[in-house]
Amino acid sequence: MRLSAIPQIITALAVVVSTSPISTSNYVVVERRSMAVPKWSKHVPLHPDSVFELRIGLVQQNLHLAEEFIAQVSDPSSEKYGQHWPAQQVAEMFMSSQQTVDYVKSWLAAEGVAMNRIKMSRSGNWLTFNATAVEAERLLQTKYHVYRHEFGHEHIACDEYSIPSHLLEYIDIITPTIHFDRRIAAPRSVQHHALSARQLLARDGSTNSSSGRIGSPSDASNPKKGSSVVNALVSIDNCDRMITPACLRALYKVPVGTTATKNNTLGIVEYTPQAFLQSDLDLWFDQFSAKQVGQAPITDLIDGAIVQTTNRSFDFNGESSLDLQYAMSLVYPQQVTLFQVGDVVEGASFNNFLDALDRSYCTFEGGDVSGVDGTYPDTSNGGFNGAEDCGSSTSTHVISTSYSTNEADLSAKYEQRQCLEYMKLGLQGVSILYSSGDYGVAGNGGECIDTATNSYNDGSSGTFNPSFPGTCPYITSVGATQIVNGSTVRDPESASETVIFSGGGFSNVFAMPSYQKSALSEYFTSHLPTYSSAQYNNSQLTRGYPDVSANGVNYVVAVNGEFTLAYGTSASTPTFASLINLINEKRLRAGKSTVGFLNPVLYANSQVMNDITTGGNKGCGTTGFESVEGWDPVTGLGTPDYQKLESLFLSLP
């Protein structure tokens, strides 16, 4: 049962009631926004003659078998464990049927859209054509408006859209419609006669800003800055005050690496303007990993990305410094591949990164969405004028991302489509790890959901606000722990309660995956939370997160020439990912496949984790959930015991 007060966009099958002169008797709502989009307001109706690209995402084949397919290659009891699929097999398995394409084209033709206007995406899953606003409104039984962000940016959207009922099984999503994202950059190109929307809207004094997008200084999923460090304490006796690579190795029994198999680099994803400075890497390496002084990550620039050096501060360099310094040292002599995504003007979203890995995902359901994802070429002043990177990057076997959004920020369909792309990467043997968030049961920035208005509030009360992609069942969500003050690396850790609180809870979009059922059944039987359905999704039927945790408090990092402390699941995520990369090294040298999607193995073998039983993740005016024996929505299954993890994965085929 999904919470009625959750401000998610509702997928409905109810008949549309409209005062439009166009008959809507056989139209049904596909998506409807049930809350005001935070920081955006409806400005003016879109001019009827405005032209924009309308994109129709077609339903893929065999999605009902997705969980079965991923279990075949990732469940330790499966005879096909580790037998990952090649990319072509994945693409062919989920390609839209010809019947789907024909039915949708027939509808468009009947509505007066000439076939020579329609383009098909490479994957065969996406139809696009340029439409006027009045034409799109007639097709979708809706009304488009220009929305204005508090920073002055404009975006076109509608409140809901509908299609003929017989097309529900063929059309999955249409854009641009109701979708917004945290990426805030220049408005999209919308033609009105000979003028773009940017030119038209510039007349009323709108301004440009990069604030609020993923990776920007105001991105609440960035790490939190602590006090400056004058003298870094390198002894493991001081790990309750300062975390270093030596502390992490001692905590989780991690050996120093000795080998570097070809094509086994650890992927770290960063979003411009976040960037590293080589001088910071060298300063940090000189203190903690002297052999690496002068070493830089392998850098893959996506969609006009640059490793900018103009803005230098913790707000611009903290995330990249934290991720790279610890990942590079923990996997050494293995290397790290930095996926730097988005230009300095347009920015980027998680989907832009996925596009670069999989060309069949470009202009695909949940792929680039106008007004949501970065779109290239970017005609903004200083923007990237080249074509979008589409299948141009090679995925590493492990990918760590320290950024996140709120599940309520986006539509369920958008999130489901993106989540399925992570499933496809898992089928190909890729491990995807995302941070679970730093605000406990609240969303980024500590925002919760007002039960009366369905809008975000100041976090002092309201409904819990789950993280995304952390709630996607095909990724590994990483929470955070800490060494309690006065304790040592030999003592049990606690859930993080210093500066940050480990993100955790239950999804309002994704059903509980089969690999979680036993662990969550035990949790609800033995430790049933007392909160009501007005506070969290207490149906006991949805995905719980995080899956695992690692230390996320008091990391010593070098930023802009100085040492400082950093906090966040931004720290715990690359730490856990580094250990998986070390295990892949051992498996590859033994002639085995990579571990791929982690969760089925971990949930079936929780004994390889250090169970965390103290601490909570307060938020929304509550104490949040509590860490208990077994899985819990604070630290998941616990922290890694590397020796046990390695033995387990090496014992599998």
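In this text the structure is predicted, and so the values were computed from the model without any measurement. (Residues numbered from 1 in each chain as written. Predicted model: local features only at pLDDT ≥ 70, side-chain atom pairs only at ≥ 80, totals over all residues. Heavy atoms only, no water.)

Q: What am I meant to see in the pattern of salt bridges here?
A: Proximity of charged atoms lets side chains of opposite charge pair with each other. All chains considered together, the criterion is met by 15 salt bridges. Between Arg-138 and Glu-111 there is a salt bridge, with the nearest N and O atoms lying 2.8 Å from each other. One end of the pair, Arg-138, is in helix H4 (residues 133–140); the other, Glu-111, is in the loop between helix H3 (98–110) and strand S4 (119–120), with 27 residues separating them in the sequence. Look at Arg-138 and you get partly exposed, because its relative accessible area is 29%. Here Glu-111 falls in the partly exposed class, since its relative accessible area comes to 26%. When the shortest N-O distance is used, the salt bridge between Glu-646 and Lys-586 registers 2.9 Å. Residue Glu-646 is found in helix H14 (residues 642–651), and its partner Lys-586 is found in helix H12 (residues 569–589); the two are separated by 60 residues along the sequence. Residue classification places Lys-586 among the partly exposed positions, given a relative accessible area of 35%. Connected through salt bridges with shared partners, the residues Arg-33, Lys-42 and Asp-159 form a single ionic network. (Salt bridge = Lys/Arg side-chain N within 4 Å of Asp/Glu carboxyl O. Helix = DSSP H or I, 4+ residues; strand = E, 2+ residues; numbered from the N terminus. Buried < 20%, exposed > 50% of the residue type's maximum accessible area, 1.4 Å probe, protein only.)

Q: Please clarify how the confidence of the model for the protein should be interpreted in this entry.
A: As a note on interpretation, predicted positions should not be read in detail where pLDDT is low. Mean pLDDT over the protein works out to 87, with 86% of the residues at or above the 70 mark. Ignoring residues within four places in sequence, the model shows residues 363–380, a span with pLDDT below 50, making 93 contacts including any to other chains. (pLDDT = per-residue confidence, 0-100. Contact = heavy atoms within 4.5 Å.)

Q: Would you explain unusual backbone geometry in this entry?
A: Leaving glycine out, the prevailing phi sign among residues is negative, and the prevailing peptide bond configuration is trans. Of the consecutive residues Thr-175 and Pro-176, the connecting peptide bond is found in the cis state with omega at -5 degrees. Among the structural elements, Pro-176 can be located in the loop between strand S9 (171–175) and strand S10 (191–192). Residue Asn-263 is not a glycine yet carries a positive backbone phi of 65 degrees. In this fold, Asn-263 is placed in the loop between helix H6 (245–252) and strand S13 (266–271).

Q: How should I be thinking about H12 in this particular structure?
A: Since the α-helix advances by 3.6 residues per turn, residues separated by three or four positions end up pointing in the same direction. Along its 21 residues, H12 runs 30 Å from first to last C-alpha, staying within 8% of the 30 Å computed at 1.5 Å per residue. When you tally the buried positions in H12, you get 18 out of 21 residues, the bulk of the element. (Expected span 1.5 Å × (residues − 1).)

Q: Where do I start with H14 in this structure?
A: Among the residues making up H14, those that are buried are Tyr-642, Leu-645, Glu-646, Leu-648 and Phe-649. Angular distribution of buried residues about the axis of H14 spans 165 degrees; they occupy a single face of the element. Buried residues belonging to H14 abut H6, H12, helix H13 (599–604) and strand S28 (639–640). (Arc of directions from axis to C-beta.)

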